[in-house]
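Per-entry structural report
Each chain, written out:
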Amino acid sequence: MDEQDVRTLLDDLAQAPAPPSRVDVVGAVTTARRGRRIRTATSVAASVLVAGLATTLTYAVIDRSPPPTGSSAPPPAAAPAPSAPARFDPLVRYASFGWLPEQDTLDWRTTSINGERLTLKASRFVPDPANGPGATLPATHVEMRLYAAGVAPLTERPIETQLPGEGTRTVPYGPVTGAPAVNGAPAYWVGVPGDSGTLILKWRYAADGWAELSVSRLKGDPRETARRIAEALRTDGAERLRFPFKLTGLSPEIRPTASEIEEGGLAGAWRATLDLNLRPDGHGPALSVSVHPGTDGLVPNTTVDGHPARRDTFDGDHLGTPQYSDRLSVSDVDGLQADLFIDATSAADATPLGPDGVLGVYRGLAVHADRAGWTSQPLVR
């Protein structure tokens, strides 16, 4: 890195907003809520966590066409966004991959959207018979993270890692070195402590918004491939996401705060999730609705409208904090399973989400196994 590169790096880092906290609050809240949902633990979570690749999940449309003049030709550069969104709309696909390597083998494709961050993922897994007939290991992983205006990216926050001879501790990302510009914007390579197999390319996709591309186990030169993926990223999309369900009868005050749709991979054909909240900051009574094919290992303790179901309610103190949770899973609904989860501080706090808790929400839920019936308007007021 020459003197000008150093000056550019320091100037860019000086203008970047400092993280408001040493804890990823949004990620922690999302992880905690998703952890309390009724989803049977599988080897998927274990494999992803061991590989250090776990993050949150909406399907990105992938251009499967080959590069114009062969595999070595660069994809067409995407125009930089004039400005980053103040917040991402969980119902709108703002960004998508324009090009990916090994496209036919990256059969697990996901995206997650919340107000502060949009994540696109494409992965390939291979069998891991040493850990059981259904166990797998990640073979290839591509993950793109875009941040809303002014939001500090993950690489500017501490990471918990296990270093040889030092145990588990919290350390900063790094080292940070200069990288070739991405669509004219200064860019940097960022190391992941304790994970030499993962490479992160960081740049500003807009003057006020960061992007991070994380790649693992790619064939060929990972840096060159990462730059091609970054250069072809499409932003400022306006296509609305399509969901396999509609919700009616909810309070007009409730709004979507996050979406999650997973296509292919280990969890089945697909899974679609919509998180809603009575407060726009996501810190009020929350409702999560998830629909997917199959039964997901459901152990019923009741029936709902003749369908096998399981409902669990908790209202009390959890580690010194008041907590109320109401969970319902209903299977064999047109070949699908619906999982509903209410998270609040008390039953009274959850009342505005609707009468009869998750059962009342389920009464207003219509699912569609046929993709022709999927809708871009999942909330019917």
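Read on for a plain summary of the structure. (Residues numbered from 1 in each chain as written. Predicted model: local features only at pLDDT ≥ 70, side-chain atom pairs only at ≥ 80, totals over all residues. Heavy atoms only, no water.)

1. A short note on the overall build of the protein
Looking only at helices and strands, the protein features six helices and 21 strands. Within the protein, the proportion of its 381 residues that are buried is 50%. Within the structure as shown, the protein displays about 17500 Å² of accessible surface, and the carbon and sulfur contribution to it stands at 55%. (Helix = DSSP H or I, 4+ residues; strand = E, 2+ residues; numbered from the N terminus. Buried < 20%, exposed > 50% of the residue type's maximum accessible area, 1.4 Å probe, protein only. Areas by Shrake-Rupley, 256 points an atom, 1.4 Å probe, with all protein chains shown as cover.)

2. What to know about the packing of aromatic side chains
As enumerated under the stated definition, the model contains five aromatic pairs in all. Ring geometry for Tyr 94 against Tyr 205: centres 6.5 Å apart, planes inclined by 70 degrees, an arrangement best described as edge-to-face. Of this pair, Tyr 94 sits in the loop between strand S1 (92-93) and strand S2 (108-114) while Tyr 205 sits in strand S9 (residues 198-206); the two residues are 111 residues apart in sequence, bridging distant segments of the chain. Aromatic rings pair up to connect Phe 88, Tyr 94 and Tyr 205 into one cluster. Of note, Arg 228 hangs over the ring of Trp 99, and the distance from its end group to the ring centre comes to 4.0 Å. Lying over the aromatic face of Trp 374, Arg 371 brings its terminal NZ or CZ to 4.6 Å of the ring centre. (Phe/Tyr/Trp six-rings, centres within 6.5 Å; stacked < 30°, edge-to-face > 60°. Lys NZ or Arg CZ within 6 Å of the ring centre and 35° of its normal.)

3. Quick word on the pairing of strand S12 (residues 245-248)
Burial along S12 is one-sided: Phe 245 and Leu 247 are buried, and none of Lys 246 and Thr 248, which face the opposite way, are. Pairing analysis gives three bridges linking S12 to strand S20 (residues 365-367), with the strands arranged antiparallel. Note that in S20 the partner of Leu 247 across the bridge is Leu 365. Of the strand pairs in this sheet, S12 and strand S21 (residues 379-380) are connected by two bridges, and their pairing is parallel. Across the sheet, residue Thr 248 finds its bridge partner in S21, namely Val 380. (Pairing = 2+ DSSP bridges.)

4. Points about the nonpolar core
Core analysis: the largest hydrophobic core is formed by 77 residues, its most contacted members being Trp 203, Tyr 205, Leu 213 and Phe 245. In terms of nonpolar packing, the next biggest core, distinct from the first, is built from six residues, Val 171, Tyr 173, Val 190 and Ile 200 among them. (Core = buried A, V, L, I, M, F, W, Y, C linked by side-chain atoms within 4.5 Å.)

5. A word on unusual backbone geometry
In this chain, Gly 174 is followed by Pro 175 through a cis amide linkage whose omega measures 5 degrees. Here Pro 175 is to be found in the loop between strand S6 (167-171) and strand S7 (176-182). Even without a glycine there, the phi angle at Leu 319 is positive, about 55 degrees. With respect to the secondary-structure elements, Leu 319 resides in the loop between strand S17 (307-318) and strand S18 (321-333). Using a relative accessible area of 78% as the deciding quantity, one classes Leu 319 as exposed. A positive phi angle, close to 55 degrees, is found at Asp 334, a residue other than glycine. Mapped onto the secondary structure, Asp 334 falls in the loop between S18 and strand S19 (336-344).

6. A look at the pattern of salt bridges
Evaluation of the coordinates by the stated rule reveals nine salt bridges. Residue Glu 263 is joined to Arg 371 by a salt bridge in which the shortest nitrogen-to-oxygen separation is 3.0 Å. Of this pair, Glu 263 sits in strand S13 (residues 255-264) while Arg 371 sits in the loop between S20 and S21, and the two are 108 residues apart along the sequence. Each of Glu 143, Arg 145 and Glu 212 takes part in salt bridges that share partners, so that together they form one network. (Salt bridge = Lys/Arg side-chain N within 4 Å of Asp/Glu carboxyl O.)

7. Concerning the sheet that holds S12
Spatially, three strands are ordered S20-S12-S21 in an open sheet, and the strand pairing comes out mixed. The two strands at the open ends of the sheet, each matched to only one other strand, are S20 and S21.

8. Let's talk about empty space enclosed by the protein
The calculated volume of the largest cavity comes to roughly 90 Å³. What lines the largest cavity is simply Ala 78, Ala 79, Pro 80, Ala 81, Val 182, Asn 183, Trp 203, Arg 204, Tyr 205, Ala 230, Leu 233 and Thr 235. Grouping the constituent residues of the lining of the largest cavity by class yields nine nonpolar, two polar and one charged. (1 Å grid on protein atoms, 1.4 Å probe; cavity = no way out; pocket = protein on both sides within 12 Å on 5 of 7 lines; lining within 4 Å. Points joined across faces, edges and corners; volume = space filled by probe spheres on them. Nonpolar A, V, L, I, M, F, W, Y, C, P; charged D, E, K, R; others polar.)

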